[in-house]
Amino acid sequence: MHIFDDYVKPIRAAIAADPKSGKLYETLSFSERSLQKGFDFKVFNQQVPEKRLLPNLADFANELGLTPNFEQGLGAHPDFSHLKHSETLEDHYIVSMFVDIKGSTNLFKKYTPRTVWIVTNTIQRAAIHTCLIFGGYVHRLQGDGLFVYFGGKNMKPDPAVKRSLQFASVFSYFVKEDLKNIFSEQGIENIYTRIGVDLGYDRDVIWGMAGIGEISEVTTCSLHTSLASKMQSYAMSNGIVIGDNIKKESPELTEFYIPVCHRTQSENDRYIFQIPEERFNYTQYDFNWLSFLKRQDFIATDFLGNLQLKHKAVVMSNRNVANLAPIAAASKPYYDFE
Amino acid sequence: MLPTSRQLRLQVNLIMILNKKKSPFERDFIVAKERFPKLTYVWNAKIMMWVITGELDICDVEGVYWNTFQITILVPRGYPYCVPIVAEKSTIIPRDIEWHISPEGICCLDISHNLKAMSKLGIDLTSFISEKVYTYFANQLYKLEKNKYAGGEYAHHLDGVIQYYIETHQLQDKRAIVAMLQQITSKTNIGRNDPCPCGNGKKTKHCHQSSIDTLKTLGHERLLSDLKNISETIK
C-alpha cells in the first residue's frame, strides 16, 4: 500500500547503521550516521515528526478525508477530561482497544539499544499517527503498544466501531506486510501485533478519575475494557479478536467474524466471559481484518492481488498509461451485436 | 451448556458435508473473492444463473490505482463449461460500437470463437476474471487515455471472424479459410499425415493440426455458419 513507506525508511536506516549489523560505517549516509552515532533525538524527530504525518500517510488521511487531532493528552479523553479532579462519574459507551506489539525483545539479540529505541519508537509513532487519523484517542502507552479508545459524545457507537476496525486493520497490515519484509531480510524473528477490541454500551461503562492528585487519569471502569485486554491475549500473531458487542454493532461485517474456538479447536475458548447464574455468555471472535481491509472503499486490490491505496482525491503524479499497457494488451475485444 | 465432544464432532462433520456440497462455482468463487474482494454473488433461479455483482478496481503493473467499474457477471448453471456474460453497470465506457460494448453495457470481451473454445475446456472463474474481464477494463482505460487499444481489437461482425481465422490460425486469406472450413466440416477425416487443408503442401501434423483441433471444438454449426458467411464474401 506504501502508506507507511516513510516510516519504514528510518527503521531500515537504523538497522543498516547498527554496529552489530556489520555494515561498514563509511558506507552509511549522513542521516544513518547521525542516527546511530550521536543518537540524535533531533534527527529522529526530523525523520518521524511527533505532530506531523509523513507524506504517504498524509496522502492516505487526505484520501479518507480525515484530519488527525494532535492535541490530545494521555489519560484524558477530550470528551471526559472535565472529570479530572471532579467527584462526578459518567455513563457513556466507548470502544476499547489494546494493541500489543510482540517480539521487539528479540531485537536486542541483534541490535544495540539505540537501534531498538529507534525501531520501536518509529512503530509506536506510526501506530499513534494512524490511530489519530481514524479519530482514536490514545489513552495509554504500554511498552511498545497502545491502549486506545474510539468514540465519544459526538459519535454513535457504530461508526466508532467501524473506525476502530479500520485502524486495527491498517496498522496490522503495516506490521504484517511492511515490517515483515525488513525483519525477514535481517533474518530475525518477526515483530507482530495482537489486538483486542470491545465495545461497552452506556450501561456498561463508567467514566471517572482514577488515582490521586496528579497521579491520576480519567479512565473507564468497564467489563468490556477489561475484556478487550483479555481478548488481545487470545489473538494469534497479527490477529485481532473482537467481542460480541462489536459484532452486534456491525451486522454488515458478520462474514468477517469467526468464533475463536473454531481456530483453537477448544470449546473453552468460545466465551471470553461467562456469568452462569445470569446465563451471560460473551463470545469472542477472530476478525478477518485482511478481507475487511480489501473491501474498504479506499483500498484497491491490484492485478497481482496486492493491496493498493486508491488515490481519488488527487491525480497521481506517477500515473503512467504505459504501465497499464502490459495488462491491457492481453485483451482484444470484439463486437457482434446487431 | 457447553456442547459435548460428540456434538462438536457432528458440527465439524456437518461443516465438511456442507463444504463438499458446494457447487464448483461456489468453491471457485471463494478463491476468486481473494483476488476480487468487492464482488459478491447470488443464485438467480429465474434465469438459472449465478449473478456476480460489485466493483472491479483496476490498477496498473506498478500497483497504481486507475478506476473502479461497477460490473455484473452472469454465470450459467453449466459452469465451468460455459461462457459468462459480462456487463458494465457504471458508464465509464462510452456506449458506442467502437468501444466494443452494447448500449445495455454488455461487454464483448473477445471473439466468440475464443470464448467458446475456452468454455469447452472448462473455465476457472479467477482466471476468467483476471484474463478476460480485468484486461478488458484495463484496455478500456488505456483507450480512454490514448484513444486506441493497447493490444489491438477485432473488427466488428464478420470482418472480425475473418480476422480471427487469419490472425489466430495463420490462414493467408479468405480462400484459405474457406478451404480449411470445407475440409473440417466435410465428412472426410483429416489424417495427421494428410496434406494440410491450408494448401501449403506440408503434412497437417506439421502445419495446422492444433488449429484444426481447436476449430473442431467450436461445433459443426458454428463452422458451417462461418463457411457460408465467408464464402458469400468471395463470390
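Note that the structure is a prediction, hence the values are computed from the model and not measured.

Here is what the cut-offs are and how they apply
Residues numbered from 1 in each chain as written. Chains lettered and ligands numbered in written order. Predicted model: local features only at pLDDT ≥ 70, side-chain atom pairs only at ≥ 80, totals over all residues. Heavy atoms only, no water. Contact = heavy atoms within 4.5 Å. Salt bridge = Lys/Arg side-chain N within 4 Å of Asp/Glu carboxyl O. Polar contact = N/O pair within 3.5 Å; in protein donor to acceptor, adjacent residues only side chain to side chain. Helix = DSSP H or I, 4+ residues; strand = E, 2+ residues; numbered from the N terminus. Nonpolar A, V, L, I, M, F, W, Y, C, P; charged D, E, K, R; others polar. Buried < 20%, exposed > 50% of the residue type's maximum accessible area, 1.4 Å probe, protein only. Pairing = 2+ DSSP bridges. Domains from an automatic or database assignment. Buried area = accessible area lost by both parts, 1.4 Å probe. pLDDT = per-residue confidence, 0-100. Axes fitted to C-alpha atoms, helices over the stretch in contact; angles between N-to-C directions. Phe/Tyr/Trp six-rings, centres within 6.5 Å; stacked < 30°, edge-to-face > 60°. Lys NZ or Arg CZ within 6 Å of the ring centre and 35° of its normal. Expected span 1.5 Å × (residues − 1).

Undergrad: Got a minute to help me understand the interface of chain B and chain A in this structure?
TA: One widely used convention gives an interface's size as the accessible area the parts lose upon coming together. Taken together, the contact pairs 55 residues of chain B with 41 residues of chain A. A salt bridge links B:Asp57 to A:Lys310; the shortest N-O distance between them is 3.1 Å. Summed over the shared surface of chain B and chain A, the number is 18 residue pairs in polar contact (both at pLDDT 80 or more). When contributions to the side of chain B that touches chain A are tallied by element, the ones reaching two or more residues are helix H2 (24-35), strand E2 (49-59), strand E3 (65-76), helix H4 (125-146) and helix H5 (157-168) of chain B. Ranked by residues supplied to the side of chain B that touches chain A, first place goes to H4(B) with 10 residues. Partitioning the side of chain B that touches chain A into residue classes produces 28 nonpolar, 14 polar and 13 charged.

Undergrad: Which parts of the structure should I look at to understand the pairing of strand E7 (residues 215-222) of chain A?
TA: A regular strand carries its side chains on alternate faces of the sheet. All names here are of chain A. Most of E7 is tucked away, with six of its eight residues classed as buried. Of the strand pairs in this sheet, strand E6 (residues 205-212) and E7 are connected by eight bridges, and their pairing is antiparallel. Residue pairing in the sheet places valine 205 in a bridge with serine 222 of E7. Once E6 ends, the chain turns through two residues before running back antiparallel as E7, passing glycine 213 with a positive phi of about 50 degrees.

Undergrad: Even after reading the chapter, I still don't get the domain arrangement of chain B, so can you show me in this structure?
TA: Residue and element names in this part refer to chain B. By the assigned domains, chain B splits into domain 1 (22-146) and domain 2 (157-234). Taking only C-alpha atoms into account, the centre of domain 1 sits 30 Å from that of domain 2. The interface of domain 1 with domain 2 comprises eight residues on the first partner and 10 residues on the second. Summing both partners gives a buried area of about 670 Å² for domain 1 against domain 2, and 70% of it is carried by carbon and sulfur. It is Ile111, His113 and Ala117 that lose the most area in domain 1 upon contact with domain 2, and together they represent 64% of the buried surface on that side. Counting across the domain 1 and domain 2 interface gives three residue pairs in polar contact (both at pLDDT 80 or more). For the side of domain 1 that touches domain 2, the per-class residue count stands at three nonpolar, three polar and two charged.

Undergrad: Whenever I open this one, the confidence of the model for chain B confuses me. Can you help?
TA: Interpreting fine coordinate detail is not advised for predicted regions of low pLDDT. In this model, chain B carries a mean pLDDT of 91, and residues with pLDDT of at least 70 account for 91%. Within chain B, the lowest mean pLDDT, 58, falls on helix H1 (residues 5-20) of chain B, and the highest, 98, falls on strand E4 (residues 85-88) of chain B.

Undergrad: What should I look at first to understand the sheet that holds strand E1 (residues 39-44) of chain B in this one?
TA: Strands belonging to one sheet form pairs held by backbone hydrogen bonds; the direction of such a pair is parallel or antiparallel. Residues and elements named next belong to chain B. What the four strands build is an open sheet, ordered E1-E2-E3-E4; its pairing is antiparallel. Each having just a single partner strand, E1 and E4 make up the two edges of the open sheet. Across the sheet, the mean angle from the axis of one strand to that of its neighbour is 25 degrees, orientation sign disregarded. The pairing of E1 with E2 spans six bridges and is classified as antiparallel. Bridge pairing in E2 links leucine 39 to glycine 54. Lying on the sheet, H2 is in contact with E1, E2 and E3; it crosses E1 at an angle near 165 degrees.

Undergrad: I would appreciate a short explanation of the packing of aromatic side chains in the present structure.
TA: Working definition: an aromatic ring pair is given by the centre-to-centre distance plus the angle between the planes. Within the structure shown, the criterion is met by 31 aromatic pairs over all chains. Between the aromatic rings of A:Phe303 and B:Tyr134, the centroid separation amounts to 4.9 Å while the plane-to-plane angle is 55 degrees, which identifies the pairing as tilted. Taken as a pair, A:Phe303 in the loop between strand E12 (299-301) and strand E13 (307-309) and B:Tyr134 in helix H4 lie in two separate chains rather than in one. One aromatic cluster is present, formed by A:Phe4, A:Tyr7, A:Phe150, A:Phe167, A:Phe171 and A:Phe174 through successive ring pairs. Over the ring of A:Phe303 we find B:Arg35; its NZ or CZ atom is 5.8 Å from the centre of that ring. The ring of B:Trp99 is capped by B:Lys143, whose NZ or CZ atom sits 4.5 Å from the centre of that ring.

Undergrad: Could you clarify how one ought to interpret H2(B) in this entry?
TA: Every α-helix carries 3.6 residues per turn, so stepping three or four residues along brings you back to the same face. With 12 residues, H2(B) extends 17 Å from end C-alpha to end C-alpha; this agrees with the ideal 16 Å at 1.5 Å per step. Against the buried residues of H2(B) lie E1, E2, E3 and H4 of chain B.

Undergrad: Could you clarify how one ought to interpret the side chain of A:Gln166 in this entry?
TA: Residue and element names in this part refer to chain A. With respect to the helices, strands and loops of the structure, glutamine 166 is situated in helix H7 (residues 157-185). Taking relative accessible area as the criterion, glutamine 166 reaches 9% and is therefore assigned buried. When residues no more than four places from it in sequence are discounted, the contact partners of glutamine 166 are Phe134, Phe292, Gln296 and Phe298.

Undergrad: Would you explain unusual backbone geometry in this entry?
TA: Comment: phi is negative for the bulk of residues other than glycine, and the bulk of peptide bonds are trans. Of note, the amide linkage connecting B:Tyr79 to B:Pro80 takes the cis form, showing an omega dihedral of 10 degrees. Relative to the helices and strands, B:Pro80 is located in the loop between E3 and E4. With a phi close to 55 degrees, A:Arg279 is a non-glycine residue in the positive phi region. With respect to the helices, strands and loops of the structure, A:Arg279 is situated in the loop between strand E10 (271-275) and strand E11 (280-287). In the Ramachandran plot, B:His100 falls in the positive-phi region, its phi being about 55 degrees despite a non-glycine side chain. Along the chain, the position of B:His100 falls in the loop between E4 and helix H3 (112-121).

Undergrad: Would you take a moment to explain the pattern of salt bridges for this structure?
TA: A side chain of one charge can pair with a side chain of the opposite charge when the charged atoms of the two come close. Residues and elements named next belong to chain A. Within the structure shown, the criterion is met by 19 salt bridges over all chains. In this structure, the salt-bridge partner of lysine 9 is aspartate 6, at a minimum N-O distance of 3.5 Å. Of the two residues, lysine 9 and aspartate 6 both sit in helix H1 (residues 5-17), three residues apart, roughly one turn of that helix. A salt bridge links arginine 270 to glutamate 267; the shortest N-O distance between them is 2.4 Å. A residue is classified by how much of its surface remains accessible, and glutamate 267, at 11% relative accessible area, is buried. Linked by salt bridges that have partners in common, Lys176, Glu177 and Lys180 make up one network.

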